Amino acid sequence: MFDTRPHQPLGDPQEHYWLVQRMAQANGTDLVLATDAGILTQEDWAGMVQRCRGCKWTDGCQRWLDRPEDALRDTPEDCVNHAHFAALKELLGE
């Protein structure tokens, strides 16, 4: 699956590291378990952060993540890592 949206300058690596972490928490993807199980490699993780850094939906992502929610929720379609989170969850049986 390819992201056909136009690219923009890459965002701050730390900011996007935390956005990916927060998105995983919001959608219930256990990144530690995926890493421990050998499903999520360091290269895969770096790729998710790198894709996030180039995403044009960063403002929308931050607004979505800032909405208070008690329950897990599906990853928004606009997230460039949507398919990656779905694949991780499937491989983990979540």
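Here the structure is shown first, and the text comes after it.
As the structure is a computational prediction, the values presented were derived from the model and not from experiment.

## Structural notes on helix α1 (residues 13-27)
With 15 residues, α1 should cover 21 Å at 1.5 Å per step; its first-to-last C-alpha distance of 21 Å lies within 8% of that length. Within α1, burial applies to His 16, Leu 19, Val 20, Met 23, Ala 24, Ala 26 and Asn 27. Each buried residue of α1 lies within a common arc of 165 degrees when the element is viewed along its axis, so the set occupies one face. The exposed set on the far side of α1, more than 90 degrees from its buried face, consists of Gln 14, Trp 18 and Gln 25. Its side-chain oxygen placed 3.3 Å from the backbone nitrogen of Gln 14, Asp 12 serves as the N-cap of α1. Once α1 ends, the next one or two residues include Gly 28, with phi positive near 80 degrees.

## Quick word on the environment of Asp 44
As for its placement among the helices and strands, Asp 44 is situated in helix α3 (residues 42-53). C-alpha of Asp 44 to C-alpha of Val 80: the two residues are 36 residues apart in sequence and 14 Å apart in space. Among residues more than four places away in sequence, those in contact with Asp 44 are Ile 39 and Arg 51.

## Section: empty space enclosed by the protein
According to the stated counting rule, one finds 1 cavity of 30 Å³ or more in the structure shown. In this structure, the largest cavity occupies an estimated 80 Å³ of space. Forming the boundary of the largest cavity are Leu 19, Val 20, Met 23, Cys 52, Cys 55, Trp 57, Thr 58, Cys 61, Cys 79, Val 80, Asn 81 and Phe 85. Those elements that place two or more of their residues in the lining of the largest cavity are α1 and α4 (58-66). Per-element accounting of the lining of the largest cavity gives the leading share, 3 residues, to α1.

## Considerations on the pattern of salt bridges
Evaluated as defined, the whole model comprises 1 salt bridge. The closest approach of N and O atoms between Asp 66 and Arg 22, which form a salt bridge, is 2.8 Å. With Asp 66 in helix α4 and Arg 22 in helix α1, this residue pair connects regions lying 44 residues apart in the sequence.

## Considering the packing of α1 against α3
Running from N to C, α1 and α3 cross one another at 110 degrees; their axes reach a closest spacing of 9 Å. Relative to α3, the element α1 lies roughly perpendicular. Crossing of α1 against α3: the hand is right-handed. Across from Pro 13, His 16, Tyr 17, Leu 19, Val 20 and Gln 21 in α1, the residues of α3 making contact are Trp 45, Met 48, Val 49, Cys 52 and Arg 53. The residue makeup of the contact of α1 with α3, split by class, is 8 nonpolar, 2 polar and 1 charged.

About the cut-offs
- Starting from 1, residues in each chain are numbered consecutively following that chain's sequence as written.
- Since the coordinates come from a predicted model, pLDDT governs what is reported: local features require at least 70, and pairs of side-chain atoms require 80 or more to be given and counted, while whole-chain, interface and lining totals use all residues.
- To get the side-chain values, all heavy atoms of the structure are used, and hydrogens and water are removed first.
- Strands here mean DSSP runs of E at least two residues long; helices mean DSSP runs of H or I at least four residues long; both are numbered from the N terminus.
- What a helix is expected to span follows from its residue count: subtract one and scale by 1.5 Å.
- Buried, partly exposed and exposed residues are distinguished by accessible area as a fraction of the type maximum, computed with a 1.4 Å probe on protein chains only: under 20%, between the cut-offs, and over 50%, respectively.
- Taking the helix axis as origin, the arc is that swept by the directions to the C-beta atoms.
- Side-chain atoms alone can form a polar contact between residues adjacent in sequence; in general such a contact is a pair of N or O atoms within 3.5 Å, and within protein one must be able to donate a hydrogen while the other accepts it.
- The contact criterion used throughout is that any non-hydrogen atoms of two residues lie within 4.5 Å.
- A cavity, in this analysis, means grid points on a 1 Å lattice covering only the protein atoms where a 1.4 Å probe fits yet has no way out; a pocket is instead an open set bounded by protein on both sides within 12 Å along at least five of seven lines, and a residue lines either one if it has an atom within 4 Å of a point.
- Grid points are joined across faces, edges and corners, and a volume is the space filled by probe spheres set on the points.
- One speaks of a salt bridge when a side-chain nitrogen belonging to Lys or Arg is within 4 Å of a carboxyl oxygen belonging to Asp or Glu.
- Interaxial angles span 0 to 180 degrees and are taken between N-to-C directions of axes, which are lines fitted to C-alpha atoms, for helices over the stretch in contact.
- Here roughly perpendicular refers to angles of 65 to 115 degrees, roughly parallel to angles under 35, roughly antiparallel to angles over 145, and oblique to all remaining angles.
- Should the near helix be turned counterclockwise from the far one by less than a right angle, the crossing is left-handed, whereas a clockwise turn marks it as right-handed.
- As a working rule, the residues Ala, Val, Leu, Ile, Met, Phe, Trp, Tyr, Cys and Pro are called nonpolar, Asp, Glu, Lys and Arg charged, and the rest polar, with Gly in that last group.

Any functional reading would require information that these geometric values do not contain.
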